[in-house]
Amino acid sequence: MVEVLSTDAIWWSLFTMFTAAGLILAGTVTLIFLYLIYRYRVKGSEDKDELEPGRIYVETPAKGSSRLLLVFTGIIVLSLIVATFDETIYLERTPSEEAFVIWVTGFQFGWQFDYNVDGETITTIGAVVVPSDTVIEFKVTSRDVFHTFGFAEFKVKIDALPGIVNSMWIKTPEEPGEVYKAYCYELCGIGHSLMVADMIVVDKNEFFQAYEAGPQEFRNFINQVISEYRASLQGAP
Amino acid sequence: MAGAEFFGRLTRWILRWLTTTNHKDIGILYMVTSVYFFFIAGVLALLFRTQLAMPASEFLTGKAYYEAVTVHGLIMLLWFASPFAAGLANYFVPLQIGARDLAFPRLNALSYWLYLASGILVILGFLAEAGAIDVGWTMYAPLTSKDFTPSPGVDLAVLGVALLSLSVTISTINFLVTIATMRAPGLSWFKLPMFTWSIIFTMILMLYAFPPLMVGAAILWIDRNIGTEFFSSPAGGALLWDHLFWFFGHPEVYILLFPALGAIADIVSTFARRPLYAKRYILTAFFLATILSFLVWMHHMFVTGTNLYTRLFYSFTTILISIPFEMATVSLILTLYKGKIRFTIPMLFALAAIFHFILGGSTGVYLGSIALDKGFRGTYWVVAHFHYILVGTMLFGFFAALYYWFPKITGKMYNKKLALLHFILATIGVNLTFFPQFIIFDMPRRYFTYDVPEWLTFNQLSTLGSYIFGLSMIVALITIVHGLLRGSPAPENPWRAWTLEWLTKSPPPPENFEGVPVVTNDGRVVFVSEEVAEKSSRSELVSGKLAGVQPLTGASHAAPSHSHAHSHPVSIDPFILGVGSLLALFGLVVNKFILAAGIAVLAWGLYRWLRDELNDRFHAEIPKYLETWPFPRSKLRNGMWVFIASEVMVFGSILSAYFFIRFNPVGKVLEEPWPPGYMIHDVGIGIINTMIMFTSTLSFAMAYLGVRKGDNILAQLGMIGTIFLGSLFLIVKYFEWKELFAAGYGLDWGLATQTYFLATGVHGLHVALGLLLTTYTLFKLYAGRLGPQRSEEVLMVAIYWGIVEIVWTFIFPLFYLV
Amino acid sequence: MADAKTYIAVWAVLVGSALAEAWVVLSGIAVNTLAFVTSVALFQSALIALFFQHLREESFAIKGMGIGGAALVVVLIVAAVTSVISCTPYFPQ
Ligand code: HEM
Ligand SMILES: [Cu+2]
Ligand SMILES: [Cu+2]
């Protein structure tokens, strides 16, 4: 199996690339700008110039060197476009055939998660348990209005639209134990700010063991992980 | 005694502002009103920034927070930014092109009063028990449907948006016709100042972008009040709204930006004492950006999960559009090269705006990548980016323009120290408010609470910045009031600038210039009297060698031999129509009697309007010496064609809704697939109506022929024929609708018939309007007002009927046949 | 400048094309009816614009305004349709 890159790694590499290009371009332009302001400033009340009012002055003709700058910009910008296409397509398509599928349904105001275990649906609300080091595919839809499901850390999100199912994937970290927050990113009503869910990463082997053991086992496992997590929050100051 | 006199003066003062049609007055009205809206929206921003500094508090949460955010966004964009630019444009475009006024002064006043009415409608929402609109300025479906948001505040805002679109469309007609046909002799397109150019591009953008918004708002309103389900059913729904809204929404950002950029360009060039560097590049850039701006709207839909290749195309165009803006920025910056830069207040604001633009622009490029947008969409990165553009660039551009033109508008100079304080506070405020938001870019926007500790400090910094910015606005107000009351008198041309608005008094007289400004071939500006201008040929004029004409020297020029006083006609009718629409739309939401009163006022205003029209009170030909190439020397014809372009977009939006719904796979699952038209509709009746439609247009063509030839009988017969056939068309339509409802194909049958009712309903309204126009034209004929020389007034109606017929050539087959 | 004869001729073509269109569609000859009727409508619109609206006599600038609008409508329709057509319908219980 080919190594699956994590979504956030891809995102950060693109981000770095855009930032580098931006710094080169915008930085150059800003430096020229600053230099010109400094170099051609007028000190004191020196108030003479050959431009008289009562005439229309249309333009200062362009020099060849500025055209060069344009070509340069064009090349950088176009290469940004090309560079981002591959990444985009990679992020759009779930990279592994064996992705673990979880259904996500947005509602006012919360997230419902459904696992399919042996044809039976196991539902949790407000929290989801996922195995470590696995490609997870979220099938996202909405029961009422427009929501957007996403994780800040994984740098992915997808709209939850009524009547349509969209898909989004992440690759969970290798080490279990982290808890990530899923947010809603589209204003969906007065409780929008409260549409936060927890994604708890557990050990891959434990997870699939429970999963293989059948619906009853799995439900207990999930509920236990979630209630343990919630209890740990209560304990904290 | 003194009291009565004061009262008399007060009424005269009020009446003057209610009845004025002078472009400078209207410009001031626009600016003052929009600044008023700006303060409302600004205070709202300070309120929710306060909440964000203490996220655990209950200061402003839930519904109240969302009302504040939504109204802030809506008002800032639609009722402050665009109208403020419209105010500047009103004041300065005629001056910069050497015209006496806009092409249609009375329509201009109407635009203003409709704009004011629409803004009041939105604000009135706060009085509603369920509060103002709270669904975000983007008004995403289906949250806006009545099931989820029953508040009448939404209806008020939606009607406000629709009314504003109408006002904007009227403005675009006015400005485009003015600039196309009323430029001073010798003032070619290329010589127009950048500000005027930016208004041209803005108007073109508005012309094509606002109709989809108007259609979207209208559909949303009927969804909420009549029971259609375009945006509430997933068969249309979220994605349909997204398309209509963002087709408007993206060009809207350039609508906001262009006027400020144009002003910045003129200001930079004035104070660097250099003509603009490579103006032709800047114009090319604006032109490319205008076209591309209609090809990028789907970057607001990158995470909708729709077709990947469509989105990739829009990703490509979005990143591409950064090139023209880079081009324009570089040209602006190179204007400084070899300049003699003077750091006046307007120049400081303009330079700071360019800085902010570089930052705001390059952080926007990220959002053009679908992959990066997956991280950024709906976060504070977006908020920071667009505020760097809107506040850092646009608003700073407006401040620059305000200080630049303040002496011209008021005849007074402002206090430099106060203005400098404003500049310093504003610059600190803006950067402190919005830069921290880049750092916490993971934070979702439109959240009134959060419990991530790292976000807290940055939010508090940001809030501090917004307070400083708020303070700077108070300083700005003081500066302006101080300047008005205490400022020293301003000379004609305090900046030694070289565009036309500086070649007249400060403030300019009602007729703008004494005599006709002429730009000679060697680039001088001379003034000639209207008589001389009328008598001379264009080449004589622009040669600059006419006898008796003084070249302009320095600050004052000798008044030409004679200039007749142009009395500016006043009219209260635009105000009446504004009040009428406010009452009618408000009544539509809250109360039948107010609605009836509103309609009565509207009818009264319309009657008065047409009466004046019939008496030619506002009729003014375009003087033959003005530049009009490549447009016909006719206000009416140009105006009508601009209107037609907006109509194309209105029906185009409906048509796109039709195709969207028809091809949406969700609809096919949800209800029965769209049935072939002939199963629901009677093709025979459709064909009959098609024939009626074609024949009525033929009949009107005959009427036009009659008027051109001076054959009054033919003209009369033709118009009567059109009126008869048009009415027949509507009657047939009425029975068709009735039968559909009787047969169970009413509104509850599904989107297929709802789309039919929408399309034929809007078309029917157009037919009705055409009937009114034709009847009125017939009146003019009877009143002896039409003749071969004035046949254009008939051609205008023929052009109108043409578009009504064209629309029908699509409606008939698409609904009846396939 | 158009005269009466031109107007009537254009009118006749319009009427004729509408009748023919209806016949072609209803008798099921056309393969892709949507494309067919759209082309007929475009043809009729062009006739109406050129002759009844006298667009023929206008300058390129005015022609451009209308054609520009029509092009934008095409863009809007193409984007709307292509974007939605591959969506997967789904209704949660
Ligand atoms: C006085 C300075 C301003 C401050 C402090 C400010 C602050 C903010 C903040 C914090 C938000 C995001 C609220 C949230 O997502 O929860 C916001 C939204 C917005 N602002 Fe401003 N703003 C200012 C000026 C402006 C101006 C001048 C404009 C436009 C001309 C503008 C247009 C918008 C828009 C369109 C939104 C989005 C509204 C929405 O999400 O529905 N703002 N503003
Ligand atoms: Cu939400
Ligand atoms: Cu956009």
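Residues numbered from 1 in each chain as written. Chains lettered and ligands numbered in written order. Predicted model: local features only at pLDDT ≥ 70, side-chain atom pairs only at ≥ 80, totals over all residues. Heavy atoms only, no water.

Residues and elements named next belong to chain A. Spatial strand order, β4-β10-β9-β6-β7: five strands in an open sheet with mixed pairing. With one partner strand each, in any of the chains shown, β4 (127–131) and β7 (156–160) form the two edges of the open sheet. Between one strand and the next, the sheet's axes are offset by a mean angle of 25 degrees, whatever the strand orientation. Pairing of strand β6 (residues 147–151) with β7 involves five bridges; the strand directions are antiparallel. When the bridges of β7 are listed, F151 appears paired with V156. (Pairing = 2+ DSSP bridges. Helix = DSSP H or I, 4+ residues; strand = E, 2+ residues; numbered from the N terminus. Axes fitted to C-alpha atoms, helices over the stretch in contact; angles between N-to-C directions.)

Moving on, we get to the domain arrangement of chain A. All names here are of chain A. According to the domain assignment, chain A contains domain 1 (7–92) and domain 2 (100–235). Using C-alpha coordinates to define each centre, domain 1 is positioned 43 Å away from domain 2. Contacts between the two partners involve six residues from domain 1, matched on the other side by six residues from domain 2. When the two sides are added together, the surface that domain 1 and domain 2 hide from each other amounts to roughly 610 Å², 63% of it contributed by carbon and sulfur. Among the residues of domain 1 in contact with domain 2, T7, D8 and W11 are the three that bury the most area, contributing 67% of the side total. Inspection of the domain 1/domain 2 interface yields zero salt bridges. For the pair domain 1 and domain 2, the number of links is two residue pairs in polar contact (both at pLDDT 80 or more). Contributions of two or more residues to the side of domain 1 that touches domain 2 are made by α1 (7–39) and α2 (64–92). (Domains from an automatic or database assignment. Contact = heavy atoms within 4.5 Å. Buried area = accessible area lost by both parts, 1.4 Å probe. Salt bridge = Lys/Arg side-chain N within 4 Å of Asp/Glu carboxyl O. Polar contact = N/O pair within 3.5 Å; in protein donor to acceptor, adjacent residues only side chain to side chain.)

Accessible area lost on assembly of the parts is the figure often given for the size of an interface. The interface is formed by 82 residues belonging to chain A together with 95 residues belonging to chain B. Regarding the contact of chain A and chain B, the summed buried area is about 8,100 Å², with carbon and sulfur atoms giving 68% of it. In terms of surface lost to chain B, no three residues of chain A exceed A:F33, A:I56 and A:L187, which account for 9% of the buried area on that side. B:R280 serves as the salt-bridge partner of A:E59, at 2.4 Å between the closest nitrogen and oxygen. For the pair chain A and chain B, the number of links is 29 residue pairs in polar contact (both at pLDDT 80 or more). If you list the elements that add at least two residues to the side of chain A that touches chain B, you get α1, α2, β7, β8 (164–171) and β9 (179–184) of chain A. Looking at which element gives the most residues to the side of chain A that touches chain B, the answer is α2(A), with 17 residues. Considering only residue class, the side of chain A that touches chain B consists of 47 nonpolar, 16 polar and 19 charged. (Nonpolar A, V, L, I, M, F, W, Y, C, P; charged D, E, K, R; others polar.)

On the side of chain C, 54 residues touch chain B, which itself brings 68 residues to the contact. For the pair chain B and chain C, the two sides together bury roughly 5,200 Å², of which 81% comes from carbon and sulfur. Here chain B is connected to chain C by one salt bridge. Residue C:E58 is joined to B:R637 by a salt bridge in which the shortest nitrogen-to-oxygen separation is 2.8 Å. At the boundary of chain B and chain C, one finds eleven residue pairs in polar contact (both at pLDDT 80 or more). Put simply, the parts of the chain that give the side of chain B that touches chain C at least two residues each are α7 (237–271), α9 (308–320), α20 (635–663), α21 (665–670), α23 (683–709) and α26 (792–817) of chain B.

All names here are of chain B. Donor atoms from the polypeptide that bind the iron atom of ligand 1 are H72 (NE2) and H387 (NE2), placed at 2.1 Å. Angles of 88 to 179 degrees at the metal separate the six donor atoms of the iron atom of ligand 1, which places the site in the octahedral class. Taken together, the residues span a long stretch of sequence, with H72 in helix α3 (residues 62–97) and H387 in helix α13 (residues 380–410) at a distance of 315 residues. For the residue pair H72 and H387, the accessibility class agrees, reading buried in each case. (Donors = N, O, S within 2.8 Å, 3.2 Å for Na, K, Ca; no water. Tetrahedral: all angles 85-135°; square planar, octahedral: opposite > 155°, others 65-115°. Buried < 20%, exposed > 50% of the residue type's maximum accessible area, 1.4 Å probe, protein only.)

This part takes up the sheet that holds strand β3 (residues 120–125) of chain A. The strand order across the open sheet formed by six strands is β3(A)-β2(A)-β1(A)-β5(A)-β8(A)-β1(C), and the pairing between neighbours is mixed. The two strands at the open ends of the sheet, each matched to only one other strand, are β3 of chain A together with β1 (88–89) of chain C. In this sheet, β8(A) lies alongside strand β5 (residues 135–142) of chain A in antiparallel orientation, the contact comprising six bridges. By the bridge assignment for β8(A), A:I136 is matched with A:I170.

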